[in-house]
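# A look at the structure
For reference, the chains in residue letters:
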Amino acid sequence: MSTHASDPLAALGSLPGVADAVDSVRKAVDRVYGHRVMRRRSNEISSEAALRGARGSAALSGADWALEEVRRRSDFSADAEARTVGAALRLGAEAGQLLSIWRQSPMRVLARLHLVASGDTAIPEGAAADTVGRPRLDGETVDEPLIDAPLPSPSEVAGRLDGLAELIVAGGEAPALVTAAIVHGELLALRPFTSYNGLVARAAERIVLVGSGLDPKAICPAEVGHAEQGTAEYLAAFEGYLSGTPEGVGGWIAHCGRSVELGVRESTAVCEALQRGAA
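A brief look at the structure comes next.

Turning our eyes to something else, we now look at unusual backbone geometry. Even without glycine at this site, Leu146 takes up a positive phi of about 80 degrees. Although it is not a glycine, Arg191 sits at a positive phi angle of roughly 40 degrees. When its relative accessible area of 3% is taken as the criterion, Arg191 is described as buried.

Right, here's the structure in full:
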C-alpha cells in the first residue's frame, strides 16, 4: 500500500476542503449516472457533453462562442477565435482515443494533444513546424490568452513534466479529482508548448477523470463548469495553485471539483430535456 511519502498526490487529499470536494463530486457523478435516460441514451449524453465541454474550454482561451454557433459551424479556419474553437472540438474528439495510453506514456499523450489542437492551420506564417507536439525550447515564445503568470524556463518545464509523468505512471491512491486538478494546474503553470496550453491542460484533466473510472462515459464535462464559474474565478483559483500554499492548492482542487459538479448539472439538464423529448 502506498504511503503519503511515496504517493505525494494522495497526500493532497488532506489539504483544506479537498476531502469534502472529492465526496461531493463522487455523489454528484453517481446521481447523473443513475438517471433513467443514461440507461438507453448515454452515447447521446456523451456527445453533447463533448460539444459543451469544447465550447467551455474555448471560452477560457478567449473564444467565447454561443453553443448553437459552435454546433452550427463547419469551418473553423476563418480567424484566431474560430481556430481555437476548432482546436477544442478536435481535442474533445481525440481525448477518448488516448485513455489507454495515458497511464503508460503521458508525455506521448500530451504531444499528441498538442498536435491535434494545432491541426494544419495553426502554425503561424514563418514559424517552425517542428514546434508542434514538443515542449518549447529557449527563445520560443508562448501564445496563451488570459494566462500571464511567470513562464518557467524550458529546463524547469522538462524537469517538472518528467516528475508529473512519473507520478502518473506509478499510479497511487489519490482520488481522481485530485490527480486531474494537479495535471490541469501543472500544465497551465508550465505552458510547455508554444500554443494551446490551456486547451491541452483541460483535455488532460478530462482524460484523467474519464480514465480513472470516475466518469467512464465522459458525461461530466469539467470544462463547462470552469467556464460557468467565469474567467476571474478560474484565474483566482489558478493563482492559488501557483502560490503552492496548502490553502491555495486545496482551493484549486476544490474549484476543479465544483467545475465537475457544474458539468454534472449540465448533463443532468440534457438528460431531462431528452426525457421530455425537447432535445
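Across all of its chains, the model carries 16 salt bridges by this definition. Between Glu94 and Arg112 there is a salt bridge; the shortest N-O distance is 3.0 Å. One end of the pair, Glu94, is in helix H5 (residues 80-95); the other, Arg112, is in helix H7 (residues 106-118), with 18 residues separating them in the sequence. For Arg112, a relative accessible area of 36% translates into the label partly exposed. In this structure, Glu223 and Arg206 form a salt bridge, with 3.2 Å as the shortest nitrogen-oxygen distance. Taken as a pair, Glu223 in helix H11 (residues 222-229) and Arg206 in helix H10 (residues 197-211) lie far apart in primary sequence, 17 residues in all. Note on Glu223: relative accessible area 7%, which makes it buried. Connected through shared salt-bridge partners, Glu48, Arg52, Glu68, Arg71 and Glu266 make up one network.

Reading guide: rules and limits
- Residues numbered from 1 in each chain as written.
- Predicted model: local features only at pLDDT ≥ 70, side-chain atom pairs only at ≥ 80, totals over all residues.
- Heavy atoms only, no water.
- Buried < 20%, exposed > 50% of the residue type's maximum accessible area, 1.4 Å probe, protein only.
- Salt bridge = Lys/Arg side-chain N within 4 Å of Asp/Glu carboxyl O.
- Helix = DSSP H or I, 4+ residues; strand = E, 2+ residues; numbered from the N terminus.

Keep in mind these values describe shape, not function.
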